[in-house]
Amino acid sequence: MSVEVLRLEGIRKSFGSVKALKSASMTLREGEVVALLGDNGAGKSTLIKAISGVHPADGGAIYVRGEKATIRSARDAIELGIETIHQDTSLAPDLSIARNLFLGREPVKLPFLGVFAPIDFPLLRQAASTLLKRVGISKKLDADAAVNTLSGGERQSIAISRAMQFAAKVIILDEPTNNLGVEETHGVLRFVKEMRAAGHTVLFITHNIHHVFQVADRIIVMRRGEVVAEQTVGDTDLLSVEALIMGVDAATLAEQAKVH
Amino acid sequence: MATVTERLEERRNWWQGLSASPQVTSLIILAVVLAGFSIANPNFLSPLNISNMMAFLPELGIMALAMTLLLTAGEFDLSVGAVFALGPVIVMLLAQQAGIDIGFALLVGLAVCIAIGAVNGVIVTKIGISSFLVTLSMLLIVRGTALYVTQGFPLKSWNEPGIFVSLLAGSFQLGPFKLYVSLYWFIGLTLIAAYILNWSKLGNWISAIGSNRNAAIARGVPADAVKIGLFIAASVLSGLAGMISAFRISAASPVAGTGYELEVIAMVVVGGTALTGGYGTILGTVVGAFMLRAIRNGIVLIGVPGLAFNIFVGALILVMLVLHAMLSKRGARR
């Protein structure tokens, strides 16, 4: 069994009186693709936001490589090596590809000037095109082009390559194939496999169970704010997973499918 | 044959790229406006008239610079015109009636501006009320304060020369033109604002926040702090512009700068900065500031009746915005 990268223990989060996360626990290991499944309102997005620091958790513990970590902000998460690609909201559409790739950690000259330091544009462009080349999308894309000139799939590729570039330990994809065409979806799934090959751990949130069987090693199912099942992809099938998500018996589900 | 079409294609793309850039569009429109007025009345380009325009331009221009950064980050500030009045009113009150040293009075005035901007910024970001409503309320509070503390009367003129007066409102002769040092302030602040927006790390953050705030936050950009800072900058620069203006005309009036908030926003938007955030241009704002001042001045010179004045200003702004939208749409659809 490979090294543990991220462990969550009893993560809790409430919004007012709504307990979005009751107690979520899971362990992610090096170089695996884990699919996080669950119906709407199961707490998947809340969990992701807690790990990525967007909405910090109310309680519970997070361990990164066995060490206890505190994640209070997006910066904390990024510094711990956890990169998140949020649904539709990862890029600033008016900014160039290069500026997006390095947003929040721009290479600068005269760093003592703090936020007023000048961006090192030659380095920025060079690093951007090297990166685009490495992930195999150099041919069409100009690092100076604004992101709003790109297709949805290209945007996801940019966001994913940004996560890969900083050698993140854990890359979280929040419904990365939403609103994408068939070809673009395959591109994203190919990326997921490449990320695993490069040694990243991927946590993949999706509603599309077919995608899970194409790329994931393990499946974690959430229901009503809790993790209710963990399975290895080879040991399960589509129907059982759907039953787990809905919280019904697989046999019942099969029975219902026959009736309709 | 292929190369010829390719080259033609390249040239067309180059031209489309250029005309799609809002600054260039504004620059062309500015040239047309200037040419039109100078043909209609040759006095438009007389040294006296140019000096006149150059006295007003920096004051509104300085406010427009800060407004550009704020709009780029996706917020705007309606209280700037009122701050333009309150800043100098506080300074003059302290200096004249409390007998406080003018330098210290200026510091207090700027501190009040910082406080106003900070309150705007904190309420907008931390409580999450739209900047339109927050700064509209602040406009009333600030303007009301200026009126109340002065009892509605302009303060006595301040005619004691001194280092601060020369620094803010000194004048000098350049050839046939009488210019004010406020022009240097405007040029200096323009360079700083352009540097920040286009070349600095902060500028990248400002554009990113306006373009997609959640994405910026997810990358660890301190969006709230940046916005609060920009609200403070907008207030401070408005106060500074008010002080420059008050020293230039040797009087601080509680009703100075009425309506400036919209004039300044018009300058910024006419220059090509997106009202919805994400894209800003300092060069465009400078062009926009020139354009609005030239229109206000030129309309009087060509003899439009005083009461019809605003009709023309409004119509011209509208025409420019429409032209902008049409040109940039044509440029964007390739």
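Residues numbered from 1 in each chain as written. Chains lettered and ligands numbered in written order. Predicted model: local features only at pLDDT ≥ 70, side-chain atom pairs only at ≥ 80, totals over all residues. Heavy atoms only, no water.

> Explain the overall build of chain B here, please?
For chain B, the count of helices and strands is 14 helices and two strands. Here the C-alpha atoms of chain B give a radius of gyration of 21 Å, agreeing with the 20 Å that 2.2 N^0.38 yields for 334 residues. Out of the 334 residues in chain B, the part that is buried amounts to 53%. Once local pairs closer than 6 in sequence are excluded, the contacts in chain B between residues at least 24 apart make up 75%. Of the roughly 14900 Å² that chain B leaves accessible, carbon and sulfur atoms contribute 72%. (Helix = DSSP H or I, 4+ residues; strand = E, 2+ residues; numbered from the N terminus. Rg over C-alpha atoms; globule rule 2.2 N^0.38 Å. Buried < 20%, exposed > 50% of the residue type's maximum accessible area, 1.4 Å probe, protein only. Contact = heavy atoms within 4.5 Å. Areas by Shrake-Rupley, 256 points an atom, 1.4 Å probe, with all protein chains shown as cover.)

> Could you clarify how one ought to interpret the packing of aromatic side chains in this entry?
Aromatic ring pairs are described here by two measures, namely the spacing of the ring centres and the angle between the planes. A full pass over the atoms with the stated rule returns four aromatic pairs over all chains. Centroid distance B:Phe76 to B:Phe132: 6.2 Å. Interplanar angle 50°. Geometry classified as tilted. Of the two residues, B:Phe76 is situated in the loop between α3 (47-72) and α4 (80-97) and B:Phe132 in helix α6 (residues 131-150); the sequence distance between them amounts to 56 residues. Classification of B:Phe76 as partly exposed rests on a relative accessible area of 22%. Of the residues examined, B:Phe132 reaches a relative accessible area of 41% and is grouped as partly exposed. A centroid spacing of 5.4 Å and a plane angle of 5° characterise the contact between B:Phe172 and B:Tyr184, whose relative ring orientation is stacked. Of this pair, B:Phe172 sits in strand β1 (residues 171-174) while B:Tyr184 sits in helix α8 (residues 182-199), placing them 12 residues apart in sequence. Residue B:Phe172 is classed as partly exposed on the basis of its relative accessible area, which comes to 22%. Looking at B:Tyr184, the relative accessible area reads 53%, which means it is exposed. Sitting over the ring of A:Tyr63, A:Arg7 keeps its end group 4.4 Å from the ring centre. (Phe/Tyr/Trp six-rings, centres within 6.5 Å; stacked < 30°, edge-to-face > 60°. Lys NZ or Arg CZ within 6 Å of the ring centre and 35° of its normal.)

> How do you make sense of the environment of A:Val228 when you look at a structure like this?
All names here are of chain A. Relative to the helices and strands, Val228 is located in strand β10 (residues 226-232). Overall, the relative accessible area of 36% leaves Val228 in the partly exposed class. Along the chain, Val228 and Leu239 lie 11 residues apart, while their C-alpha atoms are 16 Å from each other. Ignoring sequence-local partners within four residues, the contact set of Val228 consists of Val221, Met222, Arg223 and Leu244.

> Is there a simple way to think about the domain arrangement of chain A in this case?
Residue and element names in this part refer to chain A. Under the domain assignment used here, chain A contains domain 1 (1-81 + 167-235) and domain 2 (94-166). Computed from C-alpha coordinates alone, the two centres of domain 1 and domain 2 are separated by 25 Å. Each partner contributes to the interface: domain 1 provides 13 residues, whereas domain 2 provides 14 residues. For the pair domain 1 and domain 2, the two sides together bury roughly 1100 Å², of which 63% comes from carbon and sulfur. In this assembly, domain 1 and domain 2 are joined by zero salt bridges. Taken together, the connections running from domain 1 to domain 2 amount to two residue pairs in polar contact (both at pLDDT 80 or more). (Domains from an automatic or database assignment. Buried area = accessible area lost by both parts, 1.4 Å probe. Salt bridge = Lys/Arg side-chain N within 4 Å of Asp/Glu carboxyl O. Polar contact = N/O pair within 3.5 Å; in protein donor to acceptor, adjacent residues only side chain to side chain.)

> Hey, could you run me through the side chain of B:Lys227 in this one?
Relative to the helices and strands, B:Lys227 is located in helix α11 (residues 223-249). Beyond its immediate sequence surroundings of up to four residues, B:Lys227 is in contact with B:Leu70, B:Ala73, B:Glu75, B:Thr125, B:Ile209 and B:Arg213.

> Explain the interface of chain B and chain A here, please?
A common way to express how large an interface is: the accessible area buried when the components associate. Listed as interface residues are 23 residues of chain B and, on the opposing side, 27 residues of chain A. When the two sides are added together, the surface that chain B and chain A hide from each other amounts to roughly 2200 Å², 55% of it contributed by carbon and sulfur. Broken down residue by residue, the surface that chain B buries against chain A is led by B:Lys201, B:Asn204 and B:Arg219, which jointly contribute 36%. In this structure, the connection of chain B to chain A is made through one salt bridge. Residues B:Arg219 and A:Glu83 are paired through a salt bridge, measuring 2.8 Å at the closest nitrogen-oxygen approach.

> Would you mind showing me how to read the pattern of salt bridges here?
Oppositely charged side chains can pair when the atoms bearing their charge come close. Residues and elements named next belong to chain A. All chains considered together, the criterion is met by 17 salt bridges over all chains. A salt bridge links Glu194 to Arg190; the shortest N-O distance between them is 2.7 Å. On the criterion of helical spacing, the pair formed by Glu194 and Arg190 is a turn pair, its members being four residues apart in helix α6 (residues 182-197). The class for Arg190 is partly exposed, based on a relative accessible area of 41%.

> Hey, could you run me through the nonpolar core in this one?
As a rule of thumb, soluble globular proteins bury nonpolar side chains together. Counting residues in hydrophobic clusters, the biggest one holds 90 residues, and the most contacted among them are B:Ile206, B:Phe247, B:Met291 and B:Ile295. The contacts of B:Ile295, once residues within four sequence positions are left out, are B:Val33, B:Phe37, B:Val313, B:Leu316 and B:Met320. (Core = buried A, V, L, I, M, F, W, Y, C linked by side-chain atoms within 4.5 Å.)

> Would you mind showing me how to read the environment of B:Ala251 here?
Residue and element names in this part refer to chain B. Counting through the fold element by element, Ala251 comes out in the loop between α11 and α12 (260-270). By relative accessible area, Ala251 is classed as partly exposed at 24%. Residues Ala251 and Leu155, spaced 96 residues apart in sequence, show a C-alpha to C-alpha distance of 6.1 Å. Setting aside its immediate chain neighbours within four residues, Ala251 contacts Leu155 and Ala246.

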